[in-house]
Amino acid sequence: MRARQLEVFTAVMRAGTVTAAARMLNISQPALSQILLHAEDELGFALFDRIKGRLHPTPEAEELFPDAERIFAELEGLRRKTADLRLGRAGLVRIAASPPPAMTILPRAFSRFRARHPDILLRSHVAPITSIVEMLRAGDANLALALDDRLPPDIEVERVGKIAFVCLLPEGHPLAAQAEVNLKDLADEVMISYRGATRPGEELSLAARAQGVAFSPSLEIDISLSAIGFLQAGLGVAIVDALLPWQQFAGIQLRPLANSPELPVSLLSSRGRALSRAEELAQTHIRSACAEFLGPPERTA
């Protein structure tokens, strides 16, 4: 089945009538019917039964339709991509990030990238680290920013900085009178923080053990941003990453966490997939934004 025949067949199956399908494709009904007849001749079987002037899909058409629809969607994607190239849009940059860098680092990086490369399409995905790894493997994103550097061997990891943790307190909380808060101060508090099987949770557990206290959140989270609603609802105090702009949220006071462990901020890509020129340019702007937010990365021996 040729591309045009596939397009006509899919349109008729979706629209239900020749008239509606012809309108969708902006062609005449006789032209559409002719393309359909040629497709049936080449296939050697009927796609539609013609009953009282209406088309009814045959069992063969019903069986072909799911695959035809998938292939047609892929063709449409290819057409959009070639149209982008024809119109001078030099490519697509797909970046995945966990919420903290997505809300702080990427906006600055994207702003400067867009100023220099206005015709390149940017696509941002916000996701937890497990989803980010799968997106890199599948090619749904070719670059990523995450708060972790212990990743599978097929993921390229470039450590671009590090961040500490902070304590979020409801307005008027007694601990807000202190310049900083340590884990021992929180022993009797209802704590909102990361679950144990996450990199932040592991780092906080190790730090608590070194300080002779337990780290056992009463309300566990996967993504630090979700702590805001719980805190504002009066469900406790929170230990979260220091990267998010916490000061912008109402009803919250921020204090540094004394003797805080640190989380790596990493720029990720897939070892098995080369970056396009547009992605390499975006990578450069991300590194620059990271250096501004986090300071220059540590040099490794």
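Note: the structure precedes this text.
Residues numbered from 1 in each chain as written. Predicted model: local features only at pLDDT ≥ 70, side-chain atom pairs only at ≥ 80, totals over all residues. Heavy atoms only, no water.

Details of the packing of aromatic side chains
For any two aromatic rings, the description comes down to two numbers: the centre-to-centre distance and the angle of the planes. Using the following cut-off: Geometry of aromatic contacts follows a simple scheme: Phe, Tyr and Trp rings, the Trp one being its six-membered ring, pair when their centres are within 6.5 Å, and the pair is stacked under 30 degrees between planes, edge-to-face over 60, tilted otherwise. For helices the rule is a DSSP run of H or I covering at least 4 residues; for strands it is a run of E covering at least 2, with both sets numbered from the N terminus onward. When a residue's accessible area, from a 1.4 Å probe over protein chains only, is under 20% of the maximum for its type it is buried; when over 50% it is exposed; and in between it is partly exposed.
Evaluation of the coordinates by the stated rule reveals 4 aromatic pairs. For the ring pair Phe-9 and Phe-65, a centre distance of 6.4 Å and an interplane angle of 85° mean the geometry is edge-to-face. One end of the pair, Phe-9, is in helix H1 (residues 3-15); the other, Phe-65, is in helix H4 (residues 59-86), and 56 residues separate them in sequence. Residue class for Phe-9 comes out buried when judged on its relative accessible area of 1%.

A short note on the packing of helix H2 (residues 18-25) against helix H3 (residues 29-43)
Rules: Interaxial angle, 0 to 180 degrees, is taken between N-to-C directions of lines fitted to C-alpha atoms, where a helix line uses only the stretch in contact. Reported orientations rely on four angle classes, namely roughly parallel under 35 degrees, roughly antiparallel over 145, roughly perpendicular from 65 to 115, and oblique for the rest. Whether two residues touch is decided by their heavy atoms; if any such pair falls within 4.5 Å, the residues are in contact. Note on residue classes: Ala, Val, Leu, Ile, Met, Phe, Trp, Tyr, Cys and Pro are nonpolar, Asp, Glu, Lys and Arg are charged, and everything else, Gly too, is polar.
With their axes 9 Å apart at the nearest point, H2 and H3 run at an angle of 100° to one another. Looking at the two axes, H2 sits roughly perpendicular to H3. Seen from H2, the contacting residues are Val-18, Thr-19, Ala-21, Ala-22 and Leu-25; seen from H3, they are Gln-29, Leu-32 and Ser-33. A class-by-class count of the residues in the contact of H2 with H3 yields 5 nonpolar, 3 polar and no charged.

Digging into the pairing of strand S12 (residues 263-270)
As a reminder, the rule being used: Strand pairing follows a simple DSSP-based rule, namely that at least 2 bridges must link the two strands.
Counting buried residues in S12 gives 8 out of 8 residues, a clear majority hidden from the surface. Every second residue of S12 is oriented toward a common face, with Leu-263, Val-265, Leu-267 and Ser-269 on one face and Pro-264, Ser-266, Leu-268 and Ser-270 on the other, all of them buried. Across 8 bridges, the pairing between strand S6 (residues 155-163) and S12 is antiparallel. Bridging across to S12, Arg-159 finds its partner in Ser-266.

Observations regarding the sheet that holds strand S7 (residues 165-170)
If you trace the 5 strands from one edge of the open sheet to the other, you get S9-S8-S10-S7-S11, paired in mixed fashion. In this open sheet, the two strands that pair with only one neighbour each are strand S9 (219-221) and strand S11 (252-256). Each strand axis lies, on average, 30° off the axis of its neighbour in the sheet, ignoring direction. In this sheet, strand S10 (residues 237-241) lies alongside strand S8 (residues 191-194) in parallel orientation, the contact comprising 2 bridges. Within the sheet, the bridge partner assigned to Met-191 lies in S10 and is Val-237. Its contacts with the sheet put helix H7 (residues 199-210) on S7, S8 and S10, and the angle it makes with S8 is roughly 120°.

What to know about the packing of H1 against H3
Just so we agree on the cut-off: Crossing handedness: left-handed means the near helix sits turned counterclockwise from the far one by under a right angle, and right-handed means the same turn made clockwise.
At a minimum axis separation of 9 Å, H1 and H3 run at an interaxial angle of 110°. One way to sum up the angle between H1 and H3 is to call them roughly perpendicular. Here the hand of the crossing between H1 and H3 comes out left-handed. Of the residues in H3, those touching H1 at Arg-4, Gln-5, Val-8, Phe-9 and Val-12 are Leu-32, Ile-35, Leu-36, His-38, Ala-39 and Glu-42. A breakdown of the residues in the contact of H1 with H3 according to their chemical character gives 7 nonpolar, 2 polar and 2 charged.

A closer look at the sheet that holds strand S5 (residues 143-146)
Spatially, S4-S3-S5-S12-S6 is the arrangement adopted by the 5 strands of the open sheet, whose pairing is mixed. The sheet is open, and its two edges are formed by strand S4 (121-126) and S6, each paired on a single side. Taking the axes of each pair of neighbouring strands and ignoring which way they run, one obtains an average angle of 20° across the sheet. The pairing of S5 with S12 spans 3 bridges and is antiparallel. Note that in S12 the partner of Ala-144 across the bridge is Leu-268. Contacting strand S3 (92-97), S4, S5 and S12, helix H5 (residues 99-116) crosses the sheet at an angle of about 175° to S4.

As for the environment of Pro-170
Structurally, Pro-170 is set in strand S7. As for Pro-170 and Ala-233, which are separated by 63 residues in sequence, their C-alpha atoms are 9.3 Å apart. Setting aside its immediate chain neighbours within four residues, Pro-170 contacts Leu-231, Gly-236, Val-237, Gly-251 and Gln-253.

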